[in-house]
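# A look at the structure
Take a look at the letters that make up each chain.
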Amino acid sequence: MAPTASGATEGTMDMPGMDMGSEEMSGMDMRPVDVTDAPVADSEARGNQPLEPTIAEDGTKEFELMAGVVRWNILPDVEIGAFAYNDQVSGPEIRVTQGDAVRIRFTNTLPEATSIHWHGLILPNEMDGASDVTQDPVEPGGTFVYEFTVEQAGTYFYHTHKSVDRQQALGLYGALISEPKVWATEKPFDQEYTLVLGEWKIDDQGQTLPAMNQAGAFPNFFTINGKSYPETETITATVGDRIRFRFVGSGQFIHPMHIHGGPFEIVETDGNLVPEGARLTKDTVLVGPGERYDVEWTALQPGRWLIHCHINDHVTNNGVEVEGGGGLTMIVEVTL
Ligand SMILES: [Cu+2]
C-alpha cells in the first residue's frame, strides 16, 4: 500500500455554510466524473502550457481561466475524465514577473460550485479564493474576478478551494511562476522545466474517480503535466547545462522525486530562495501535498537520465512497467 499524507484534507467536511448533498453526508463524494457532454482534448495535448495574458492599459496582466470537465488522454489508450482549467491537465502555467498586477477572469462551467486559491501568495484576504470562508463559491455558470499584485518571486500554484477532497483529486490545479525582475537580463540556469504531479483513480469501467486517502481509494495512474510515462516529455540538454526543475506537489500523495546521473541543489522551497550557504545538495527530494521544490541539476555525463518518483508503484501505469518505467517518470537526454 502506498504511503499517504495524513490529515491533508482534515476539517474540510465541517466547513460552515457548505452545502452537503446526501452523498457527502454519507462520507465522501466519490461519484465518477460524468463525461457525457465533455469536450475531448487532442490526445497529444500536454498540460502546463503557457497562458498568454492580455495587457490592460494600466499594465495589468489579464488572464482567462475556465473550469470544466474534459476527456483527456494520459496515455494513448487511457482516457480520464478530469476537472480541468482551460481543458488542460494540469492547468495552464501562469507566468508573471515579480511586482506584476494581475487580473484573472474566472468562469465556472463545472456541474458544481468551485473557487480558485492562489497557493503561497501574499494577497488581500478577499482574493484568497477559500470557498465559504473568504468568498461565496462560484456556482455553475458563474464568474469571479481575482485581482492582486504578485509581490513574491518563485514557484507557486493555483488550485480549487471548494470540495477539495474531490475537485483537486480530479485535476483542478496549475502552476504559477513569478520570475524575479533581475532575470530579465540573465537567468541563473540554462533551461528550466516544471513538473506538476498528478494522481488518478480509474476503475475497471474506465471511469475516473477522485483518489482519496480516507476512502482507501488509492490512485493507480500518475502524471507529470497530465501525461504518464512513456508519454511524459523527454527534454534535451548538453553536458555542462544547469537545469532548474520545479516540482509542484499539486496532488494529495507524497512523491520522493529522484534524479539519476548526479546530485542537485535545492535552490528554492515553496517559492522562497534558499541562501547559497544553506542549500542542501541531494539526489532525492520529498515533495508533499502543497509543496514546491526548485532544484538545479547539472548534466555531467551524456546519456539518458531518469527523473522519477521513488515510491515504486508511482512509476507504474496501473501496476504495469512500460519501457523501464511508468507514471511519474521522465527522461533527460544529454549529449556532448
Ligand atoms: Cu510518488
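Calculation criteria
Residues numbered from 1 in each chain as written. Predicted model: local features only at pLDDT ≥ 70, side-chain atom pairs only at ≥ 80, totals over all residues. Heavy atoms only, no water. Pairing = 2+ DSSP bridges. Helix = DSSP H or I, 4+ residues; strand = E, 2+ residues; numbered from the N terminus. Domains from an automatic or database assignment. Buried area = accessible area lost by both parts, 1.4 Å probe. Salt bridge = Lys/Arg side-chain N within 4 Å of Asp/Glu carboxyl O. Core = buried A, V, L, I, M, F, W, Y, C linked by side-chain atoms within 4.5 Å. Buried < 20%, exposed > 50% of the residue type's maximum accessible area, 1.4 Å probe, protein only. Contact = heavy atoms within 4.5 Å.

### As for the pairing of strand S16 (residues 264-269)
Two elements, S16 and strand S18 (residues 281-282), share 2 bridges in a ladder whose sense is antiparallel. If you follow phenylalanine 264 over to S18, its bridge partner there is lysine 282. Where S16 meets strand S20 (residues 292-298), 5 bridges bridge the pair, whose relative direction is antiparallel. For isoleucine 266, the partnering residue across the bridge sits in S20 and is valine 295. With 2 bridges connecting them, S16 and strand S17 (residues 272-273) associate as antiparallel partners. Opposite glutamate 268, over in S17, you have leucine 273 as the bridge partner. The loop that links S16 with its antiparallel partner S17 comprises 2 residues; one of these, aspartate 270, has a positive phi angle of about 50 degrees.

### Some remarks on the domain arrangement of the protein
The domain boundaries assigned to the protein delineate domain 1 (12-181) and domain 2 (191-335). Averaged C-alpha coordinates put domain 1 and domain 2 at centres separated by 21 Å. Interface of domain 1 and domain 2: buried area, both sides summed, is about 3,200 Å²; carbon and sulfur atoms make up 60% of it. At the boundary of domain 1 with domain 2, the tally comes to 1 salt bridge.

### Re the nonpolar core
Leu65, Ile94, Trp118 and Phe148 are the most contacted members of the largest nonpolar core, which totals 29 residues. Taken together, the elements giving at least two residues each to this core come down to strand S2 (61-75), strand S3 (78-85), strand S4 (91-97), strand S5 (101-108), strand S6 (116-119), strand S7 (143-149) and strand S8 (154-160). With 4 residues, S2 is the largest single contributor of residues to this core. Contacts of phenylalanine 148, omitting those with residues within four sequence positions, involve Asp100, Ala101, Val102, Ile104, Trp118, Leu121, Leu123, Pro124 and Met127.

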